[in-house]
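# Secondary and tertiary structure notes
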Amino acid sequence: MEQKKLIIGNWKSNPKTLKLAEKNSIEIDRLAKKNRTVRIAIAVPQPFIGLSKKTKNIHVGVQDVSSEGEGAFTGRATAEQLTSAGATFTIVGHSEMREYGDTNERVAQKIQQAAKAKLPFVLCVGEKKRDHDGDYLHTIHTQLTSALEKIGAAKKFLFAVAYEPVWAIGAHATAVATPKECLEVVIHIRRTLQDLFGNKIAQATPILYGGSVNAANASGFLTEGGAQGLLVGRDSLEVKTFSKIISIA
Ligand code: PGA
């Protein structure tokens, strides 16, 4: 049977208030109740994680997790704290966190922490730029293997892998990826997962595309692009635009 598509909204540092976040998440929860053919998730700012208790039909997670356990780490929230506050997944390795200093090594530590707390994680990978020699495939391979090769039994907490070419993300995107570009990398990620964990896990792990996804291009990534889901930034912020993407999936 074909897997249900997984659509994750990455809210980043939005919206302005808890009240607005509550309104949006309740509306998305209602949408999810009506649409059982798609799995819907939102990655919210940490102060809003309690929304997971007000929703029943969606996954509510966070966008990052500490690379350390509890202790003297000002400003960081541990996987265990986030889980106990209601997070049902976390993103790790988002390019914006890599931009703030997350190395492949730190991403691997974050995954270890998430898995220790039984917190499912979405691993983001993606190259900064495309080159004609295929070096970007090498970059993605390194990001995947360095993050995943030592996780052992914790691999069962691998919720999804998201391919997000950095050049296609956010308001400063220089281009939007084509479904063909997406497909090449989806196949590459699947093969790497196969080498790491075998066929069963490689087939069962949803590979998502993210980077300027909107209602007009979503279907291309899910069909010709070979993605089993989407990680949506800007167009997940308004329930109306997010719901259009969900209905396409
Ligand atoms: P975008 O963000 O859809 O606004 O490009 C995607 C992301 O950063 O996850």
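Structure shown above.
My aim in this report is to walk through the structure given alongside it, one point at a time. (Residues numbered from 1 in each chain as written. Predicted model: local features only at pLDDT ≥ 70, side-chain atom pairs only at ≥ 80, totals over all residues. Heavy atoms only, no water.)

Take the overall build of the protein next. In terms of regular secondary structure, the protein is built from nine helices and eight strands. Over its C-alpha atoms the protein spans a radius of gyration of 17 Å, differing by no more than 12% from the 18 Å that the globule rule assigns to 249 residues. On the principal axes, the C-alpha backbone points of the protein span a range of 50 × 45 × 40 Å. A buried classification covers 51% of the 249 residues belonging to the protein. Excluding contacts between residues fewer than 6 apart, the proportion of contacts in the protein whose partners are at least 24 apart in sequence is 72%. Here the protein has roughly 12200 Å² of accessible surface; of this, 52% comes from carbon and sulfur atoms. Seen as two clouds, the 33 positive and the 24 negative side-chain charges of the protein have centres 9 Å apart. (Helix = DSSP H or I, 4+ residues; strand = E, 2+ residues; numbered from the N terminus. Rg over C-alpha atoms; globule rule 2.2 N^0.38 Å. Buried < 20%, exposed > 50% of the residue type's maximum accessible area, 1.4 Å probe, protein only. Contact = heavy atoms within 4.5 Å. Areas by Shrake-Rupley, 256 points an atom, 1.4 Å probe, with all protein chains shown as cover. Lys, Arg positive; Asp, Glu negative; His and termini not counted. Charge placed at Lys NZ, Arg CZ, Asp CG, Glu CD.)

This part is about helix α5 (residues 135-148). Across its 14 residues, α5 extends 20 Å between first and last C-alpha, which sits within 8% of the 20 Å expected from 1.5 Å per residue. Within α5, the full set of buried residues consists of Y136, L137, I140, Q143, L144, T145, A147 and L148. (Expected span 1.5 Å × (residues − 1).)

Position of P15 relative to the elements: it lies in the loop between β1 (5-10) and α1 (18-34). When the C-alpha positions of P15 and E238 are compared, they lie 9.6 Å apart, and in sequence the two are 223 residues distant. In this structure, P15 is in contact with L20, A21 and F48, ignoring residues within four places of it in sequence.

This part takes up the site of the ligand. Every residue near the ligand is listed here: N10, K12, H94, E164, I169, G170, G211, S212, V213, L231, G233 and R234. Backbone polar atom of G233 to an oxygen atom of the ligand: 2.9 Å apart, as the coordinates give it. (Near = heavy atom within 4 Å. Polar contact = N/O pair within 3.5 Å; in protein donor to acceptor, adjacent residues only side chain to side chain.)

On to the pairing of strand β8 (residues 229-232), then. Neither face of β8 is open: one carries G229 and L231, the other L230 and V232, and all of them are buried. As paired strands, strand β7 (residues 207-210) and β8 are joined by three bridges and run parallel to one another. Residue pairing across strands places L208 opposite G229, the latter belonging to β8. (Pairing = 2+ DSSP bridges.)

Attention shifts here to the packing of α1 against helix α9 (residues 239-248). Where α1 contacts α9, the axes come no closer than 11 Å and their chain directions differ by 25°. One way to sum up the angle between α1 and α9 is to call them roughly parallel. The chirality of how α1 crosses α9 is right-handed. Counted together, N24, E27, I28 and L31 of α1 and V239, F242, S243 and I246 of α9 form the full contact between these two elements. Looking at the contact of α1 with α9 residue by residue, the classes come out as five nonpolar, two polar and one charged. (Axes fitted to C-alpha atoms, helices over the stretch in contact; angles between N-to-C directions. Parallel < 35°, antiparallel > 145°, perpendicular 65-115°, else oblique. Left-handed = near helix turned anticlockwise from the far one by under 90°. Nonpolar A, V, L, I, M, F, W, Y, C, P; charged D, E, K, R; others polar.)

What follows is about unusual backbone geometry. Phi is mostly negative for residues that are not glycine, and the peptide bonds are mostly trans. In this structure, P15 follows N14 across a cis peptide bond, with omega equal to -10°. Positive phi, normally seen in glycine, also occurs at K12, with a value near 50°. Relative to the helices and strands, K12 is located in the loop between β1 and α1. Of note in the backbone geometry, S212 takes a positive phi value of approximately 55° without being a glycine. Relative to the assigned elements, S212 resides in the loop between β7 and α8 (218-222).

A few words on the pairing of strand β5 (residues 121-125). Counting buried positions over the five residues of β5 gives five, a clear majority of the element. Here β5 shows no split at all, with F121, L123 and V125 on one side and V122 and C124 on the other all buried. Relative to β5, strand β4 (residues 90-92) is paired through three bridges, and the arrangement is parallel. If you follow V92 over to β5, its bridge partner there is L123. Bridge count for β5 against strand β6 (residues 158-163) is five bridges, and the pairing is parallel. When the bridges of β6 are listed, F121 appears paired with L158. Crossover β5 to β6 through α5 is right-handed. (Right-handed = clockwise from strand over helix to strand, strands pointing away.)

As a further point, take the pattern of salt bridges. Applying the stated criterion across every chain, the model contains eight salt bridges. Ionic pairing is found between E22 and K54, a salt bridge with its closest N-O pair at 3.6 Å. Here the residue E22 occupies a position in helix α1, and K54 occupies one in the loop between β2 (38-44) and β3 (59-62), the gap between them amounting to 32 residues. Taking the shortest distance from any N to any O, the salt bridge between D102 and R106 comes out at 3.2 Å. Residue classification places R106 among the partly exposed positions, given a relative accessible area of 30%. One salt-bridge network, held together by shared partners, links D64, D102, R106 and K110. (Salt bridge = Lys/Arg side-chain N within 4 Å of Asp/Glu carboxyl O.)

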